[in-house]
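Structure at a glance
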Amino acid sequence: MLIRFIPIWKTAPALRLLPPLVAGILAQWYLQLSGWALVAMIATTVMLVVACSFAKWNHRGHFGAVLFLLVAVLGAALVWLRTPQNGPAFIGKHYLPGATLVATLQEPLSTKAKTYKAEASIGIVNADGTVTALDGNIIIYFKKDSMPPALGYGSRVVFSTALQPLRNTGNPGAFNYERYAQFHQLFYQVYLTPGSYVVEGTMVVNRFQQMLYRTRGFVLEAFKTHIPGKAEAGLAEALLVGYRDDLDKTLVEQYANTGVVHIIAISGMHLGLIYGLLLLLFKPMAKKRAGVVLSALVIVAALWFFSLLTGAAPSITRSALMFTCIVAGSGFGRKTSIYNALAVSALMLLVVNPFNLWDVGFQLSYAAVLSIAIFGKPVENLLAPRYKPMAWLWQLIAVSTAAQLLTLPLVLF
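Residues numbered from 1 in each chain as written. Predicted model: local features only at pLDDT ≥ 70, side-chain atom pairs only at ≥ 80, totals over all residues. Heavy atoms only, no water.

Digging into the pattern of salt bridges
Summed over the entire model, instances satisfying the criterion amount to three salt bridges. Here Glu200 makes a salt bridge to Arg156, at a shortest N to O gap of 2.8 Å. One end of the pair, Glu200, is in strand S8 (residues 197-203); the other, Arg156, is in strand S5 (residues 155-159), with 44 residues separating them in the sequence. Owing to a relative accessible area of 29%, Glu200 belongs among the partly exposed residues under this scheme. Classification of Arg156 as buried rests on a relative accessible area of 16%. Glu178 is the partner of Arg167 in a salt bridge, and the nearest nitrogen-oxygen pair spans 3.4 Å. Placement of Arg167 in the loop between strand S6 (164-165) and helix H6 (177-183) and of Glu178 in helix H6 is noted, with a sequence separation of 11 residues between them. Take Arg167: its relative accessible area is 54%, and that puts it in the exposed class. Here Glu178 falls in the partly exposed class, since its relative accessible area comes to 30%. (Salt bridge = Lys/Arg side-chain N within 4 Å of Asp/Glu carboxyl O. Helix = DSSP H or I, 4+ residues; strand = E, 2+ residues; numbered from the N terminus. Buried < 20%, exposed > 50% of the residue type's maximum accessible area, 1.4 Å probe, protein only.)

Given below as structure tokens:
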């Protein structure tokens, strides 16, 4: 069985870098090495790599082992750099109850039962009136009043209400919400009532992010206008653009109880449908080299725009990265290895945010695709229906069955 998978290491070189990177990320999270220790380890491993390259003992086994160690140490360094507590501007090192704070909303307000909610970056007002930006975000809840607050993405609010640390419920075996929030750079929450905050006239926005929010708002408004029924419009919003704030709570509970709640989540299937449709539309342009390049650029841009519009969750970003590899390989006339595309996308997601490793969507997404790649054909070959409709049905069943083989252990855990 092992010999069968040896060629994978030749066709998927990126796969060799993934295990040491994951090992380094896990080691740093659980061991909490200091920054200076990591600097010393990086310097040592770099010198060993140079020594293996030029010394007489540059045996491939030695070089591979040292390179493995270097990637692991770099993975640990990524975790250290992405941990706000290690920086001098971490909010926990500067905030004292009663301090005047300036919060910049990082998203539009979402409507809850009794409040409006938004994530915000934070700054502290110094004695001289200047503002020092702090690392680490907070969650702000605005009390519902007769009129919704005139706030949106980029709005700045000033307040002195005490922040409350995000904590777990304390129930044995309960979901570790505190760690989940920390992985998303969230550390405090605050509840603001009308009159307890002041809205500044200036706004701090990223133009591209603002365009994405406006586009999503336009789409959501179109759903609400043209789809009769609040529950039906909320379901369409979740299915098509990943917006779940308007979902009917009873409907979500029913989906969860029947085990099919995943169908209302944006996944790689959505990108697959968009990718297939775009391929069909641009097929006439594939006869010329310029047409191939233009269609590849448009397809990649469309896939990434949809991914960012829906919130860029790890599962959808994984799919976007894989399709980008496929489109790039097709543009250069080369066949893309599914294992290499998987490894490249995982490496990029972990380099951008090593805490994606703990994201359930990240884990299940990669487990499902890897399981299909490994077991899809063997399961499909168990039966050979004679008629095309039966063969097509069996192929769907085989793919679904294969996906469960690696995701089932995660689900049970």
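From this point, the narrative continues.
A closer look at unusual backbone geometry
We note that Gln32 has phi near 55°; this positive angle belongs to a residue other than glycine. Position of Gln32 among the secondary structure elements: in the loop between helix H2 (18-31) and helix H3 (35-54). Of note in the backbone geometry, Gln185 takes a positive phi value of approximately 65° without being a glycine. Residue classification places Gln185 among the buried residues on the basis of a relative accessible area of 16%.

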